[in-house]
Amino acid sequence: MNLSESISTGCPFCGTGCALNVECSDKGYKVKGDKTNPSTLGDLCFKPIQMAKALDIKRLHTPLYREDKNKPFQEISWEKAIDLVTQNITSLSKEELYFYLSGQLLTEESYLFTKLIKGHLGTNNVDANSRLCMASAVTAHKMVFGSDGPVGNYQDIDNADVILISGSNPAWAHPIVFRRILARKKSHPDTLIITIDPIRTETAQKSDLWIGLHSGSDTLFYNALLGELYRRNECDIDFIQRSSQGFENTLVEALKTPYHDAIKSCGIPIEASEQLLQALGSDKKILGLWCQGLNQAQDGVMRNIGFINLFLATGRLNAAKGSPLSLTGQPNAMGGRETGYLSNALPGYRDVRNRDDRIACETHWNLPKNSISPEVGITITEAVDSILCDKIKFLWVACSNPLLSLPDVAKTKHALESPDLFLVVQDCTLSETAALANLVLPTFGWGEKEGSMTNSERFIKRVRPFKSPPSGAKSDLDIICDIARKLGLSGFKYPNTQDVYDEYKALTTKRLCDQSTQEYDALSYQWGGERLYTDEIFPTTSGKVQFHPIISSTLTLADEHYVLITGRTKKQWHTMTRTGLVDELLKDEEHPYLLMNASEALAMNLNEGDSVIVSNELGQLELPIRFGELASRHLFAPFGYPKAPINTLVPTINDPFSFQSALKSAQVTLSTKRI
Ligand SMILES: Nc1nc2c(c(=O)[nH]1)N[C@H]1C(S)=C(S)[C@@H](COP(=O)(O)OP(=O)(O)OC[C@H]3O[C@@H](n4cnc5c(=O)[nH]c(N)nc54)[C@H](O)[C@@H]3O)O[C@H]1N2
Ligand SMILES: Nc1nc2c(c(=O)[nH]1)N[C@H]1C(S)=C(S)[C@@H](COP(=O)(O)OP(=O)(O)OC[C@H]3O[C@@H](n4cnc5c(=O)[nH]c(N)nc54)[C@H](O)[C@@H]3O)O[C@H]1N2
Ligand code: SF4
Ligand SMILES: [Mo]
């Protein structure tokens, strides 16, 4: 064994945000957990361990260009590539430009994109894949607490009496969070794990109680629970009176449907609901976790608030009784949110609509007053429409594969293929989106670049390179700076990445996500402390936390229809551009599938492994069946398979407050023959 060097870095996959040590030797890279990290305590799952083998496979080495999207790509120099981007930007009006970023970019990268686009180019036409992921949670946090920022922390898992999980499958999607939950259960068998999900997922199977509600009935369920807690005198009236506003109106809405009727409409056995009610009505410490089952919905903000209302109403914003903790999906979606990469935001949890916020950024960036537009930019799904009506003519995608991840693949494809759109894709592989581009910019990937990331519990850590990048590629940060400098902009000469972080961190001074006192190289810091708002003073106008009435809804399903839930697999990451290269991560997950109740399949004379045609007005896909346990007339399919992109069947229906797309409730029919 050769002497090996150990590099401390972070995992590039989920929002759990595990801190890792990578040992490099001539035998390859050995990925281990970093036991000194106070957030993830040295644990890690198989994804980064396996991924380390495949970092050099299918990498891009040189910029690729074609003027005509129907012609093959030509290799070009970086000088020409940078020229092409800047020529397009300068020849178009700022209304014609659009930028699409990612929660997988590092904080420094998201920050510099934001500075370039919102500051120097003066347009808020920029969004990130967080619009498909965390936008409803962001909006709900702002409405309830006055600011974005998840409240609780992972330590709550270690001493919780009850862990309440809704619309989240951490056994697959946040494995180290789930392993910590199971460790708590093992050491304290009285701990109650409750999972609310239309599917009996691995998480639900390992829980004490599975509440298999019908898709879309969360708001009705949470309202029913709130109303019943009130009727039973189990709300924390002291907390409500002392520190909140809006409870009475919220209660009026919650009491509208009689409790038993509501529970029945949700498809939930009354005993299951009773068990949850008893926990909520007790003094037990409850940690609430949720993710895309609540976020990716037409009423995603309402679902988030409805769930949070249960914690507020029972005085659960503290170490003694627990708190809600929204699980973040991507490794640095939190950092992206902090740097203001969504179309309404600015760094330091600021908002483009707020004059003081704009001035703070303009001053910091040495820009004249009014450089930043006060208009909220359009969101990514609106941008797709704008491309189709020729309003947007330049799209620069960095670190995302929207062809497969946005709803309505046919529409997205039509837009990306538009001859009037100049499409730039910055990626480390030739993704399905990159394959449609005019210009592909090859970048460094995990293990090749440095910066910082924030995880789901607000914990920031450093990411460091442990291998050489492919020759001919450039770092995301250098690409942004080279383009900005070519545009003649000052303020993009950074001797190193630390200078970018230092400039960004100054913008967090006295903000909720304040990290201004931290040293870049030593970053190991939970901003906001263990838990937010322990003093019960909230960044709302009145200083009080806000209840909001939740309008109850349920899904109406026509007779022949099924609800198609889409989501993740255990080992693959999204559109498989990286994890799809590793045999161990493809095991059992190589092919797309449709999960279905056995009884419903057998009634159609279909067995496991048989193919079925799944259709709706948008298109059809043929998928092999796997049997599972789901609420009746519910189906599940993973979304990331390029050979059967499930978003072919998912329409663009957005939440009216967060503009997040409802990705988990397409209505489909099943047949054995193609129509
Ligand atoms: N292995 C792996 N891990 C990942 C990722 C990955 O691609 N692969 N991606 C990461 C990212 S970016 C994200 S956002 C997270 C997502 O993590 P999760 O949100 O946990 O994963 P999903 O599979 O999208 O959906 C979670 C659950 O929501 C349930 N659900 C659907 N509809 C409803 C509903 O109406 N009500 C309720 N209560 N539940 C519902 C689904 O049945 C599903 O089990 O995972 C992260 N981790
Ligand atoms: N139907 C349905 N659709 C969904 C979802 C769902 O549950 N159901 N989930 C949604 C959610 S929550 C999310 S987060 C999105 C995810 O959707 P995407 O962001 O589109 O998915 P990824 O496959 O992670 O794409 C990341 C791209 O970045 C590239 N990349 C990796 N590292 C780097 C890097 O360092 N720099 C650069 N420039 N590129 C890099 C990868 O090769 C890949 O092409 O999908 C959304 N779409
Ligand atoms: S749990 Fe998430 S962050 Fe941790 S090692 Fe696994 S994929 Fe990476
Ligand atoms: Mo996500």
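Let me begin by describing the structure that accompanies this report. None of the values given here were measured: they were computed from a predicted structure.

**Quick notes on the packing of aromatic side chains**
So, step 1. On inspection of all chains with the given rule, the structure shows 22 aromatic pairs.
So, step 2. Here the aromatic rings of Phe99 and Phe394 are separated by 5.9 Å at their centres, their planes lie at 65 degrees, and the arrangement is edge-to-face. With Phe99 in strand 6 (residues 97-101) and Phe394 in strand 16 (residues 394-398), the pair connects residues that are 295 residues apart, well separated along the chain.
So, step 3. Judged by relative accessible area, which is 0%, Phe394 ranks as buried.
So, step 4. On the basis of an interplanar angle of 5 degrees and a centroid distance of 6.4 Å, the ring pair of Phe394 and Phe422 is categorised as stacked. Pair noted here: Phe394 is in strand 16 and Phe422 is in strand 17 (residues 422-427), with a separation of 28 residues, a long-range link.
So, step 5. One aromatic cluster is present, formed by Tyr65, Phe99, Phe113, Phe394, Trp396 and Phe422 through successive ring pairs.
So, step 6. Arg66 extends its terminal NZ or CZ atom over the ring of Phe73, reaching a point 3.9 Å from the ring centre.
So, step 7. We note Arg633 situated over the ring of Tyr562; from NZ or CZ to the ring centre the distance is 4.3 Å.

**Structural notes on the environment of Leu523**
So, step 1. Among the structural elements, Leu523 can be located in the loop between helix 22 (497-506) and strand 21 (524-526).
So, step 2. Distance in space between the C-alpha atoms of Leu523 and Asn249 is 44 Å, their sequence separation being 274 residues.
So, step 3. In this view, Leu523 contacts Ser452, Ile460, Lys461, Arg462, Tyr501 and Gln518; residues no more than four positions away in its chain are not counted.

**Topic: the nonpolar core**
So, step 1. In this structure, Phe145, Phe221, Phe394, Trp396 and Leu439 are the most contacted members of the largest nonpolar core, which totals 115 residues.
So, step 2. Top element by residues in this core is helix 15 (residues 300-313). It accounts for nine residues.
So, step 3. Built from parts of two domains, this core gets at least three residues from each of domain 2 (64-133 + 331-526) and domain 3 (135-326).
So, step 4. Ignoring anything within four residues of it in the chain, the contact list for Phe221 reads Ile196, Ile211, Leu213, Ile263, Cys266, Ile268, Ser273 and Leu276.
So, step 5. Tyr100, Val384, Tyr562 and Met596 belong to the second largest nonpolar core, which has 47 residues in total.

**Here's the deal with the pattern of salt bridges**
So, step 1. Per the counting criterion, the structure on display carries 38 salt bridges.
So, step 2. Residue Arg59 is joined to Glu448 by a salt bridge in which the shortest nitrogen-to-oxygen separation is 2.8 Å. Of this pair, Arg59 sits in the loop between helix 1 (46-51) and strand 4 (64-65) while Glu448 sits in the loop between strand 18 (439-442) and strand 19 (451-454), and the two are 389 residues apart along the sequence. Both residues of the pair, Arg59 and Glu448, belong to the buried class.

**Concerning the pairing of strand 17**
So, step 1. When you tally the buried positions in strand 17, you get six out of six residues, the bulk of the element.
So, step 2. With five bridges joining them, strand 16 and strand 17 adopt parallel strand pairing. Residue pairing across strands places Val397 opposite Val425, the latter belonging to strand 17.

**Points about the site of ligand 2**
So, step 1. For ligand 2, the set of nearby residues contains 35 residues, the closest of which are Ser405, Asp427, Lys449, Thr575 and Asn647.
So, step 2. With respect to ligand 2, the side chain of Trp573 contributes an N or O atom lying 3.2 Å from an oxygen atom.
So, step 3. Here a nitrogen atom of ligand 2 sits 2.6 Å away from a polar atom, N or O, in the side chain of Asn647.
So, step 4. Considered on its own, ligand 2 offers 920 Å² of accessible surface; in the complex 99% of this is hidden by protein.
So, step 5. The set of elements that each furnish at least two residues to the shell around ligand 2 consists of helix 19 (402-405), strand 17 and strand 23 (562-567).
So, step 6. Considered class by class, the residues forming the shell around ligand 2 number 10 nonpolar, 19 polar and six charged.

The rules we used
- Residues numbered from 1 in each chain as written.
- Chains lettered and ligands numbered in written order.
- Predicted model: local features only at pLDDT ≥ 70, side-chain atom pairs only at ≥ 80, totals over all residues.
- Heavy atoms only, no water.
- Phe/Tyr/Trp six-rings, centres within 6.5 Å; stacked < 30°, edge-to-face > 60°.
- Helix = DSSP H or I, 4+ residues; strand = E, 2+ residues; numbered from the N terminus.
- Buried < 20%, exposed > 50% of the residue type's maximum accessible area, 1.4 Å probe, protein only.
- Lys NZ or Arg CZ within 6 Å of the ring centre and 35° of its normal.
- Contact = heavy atoms within 4.5 Å.
- Core = buried A, V, L, I, M, F, W, Y, C linked by side-chain atoms within 4.5 Å.
- Domains from an automatic or database assignment.
- Salt bridge = Lys/Arg side-chain N within 4 Å of Asp/Glu carboxyl O.
- Pairing = 2+ DSSP bridges.
- Near = heavy atom within 4 Å.
- Polar contact = N/O pair within 3.5 Å; in protein donor to acceptor, adjacent residues only side chain to side chain.
- Areas by Shrake-Rupley, 256 points an atom, 1.4 Å probe, with all protein chains shown as cover.
- Nonpolar A, V, L, I, M, F, W, Y, C, P; charged D, E, K, R; others polar.

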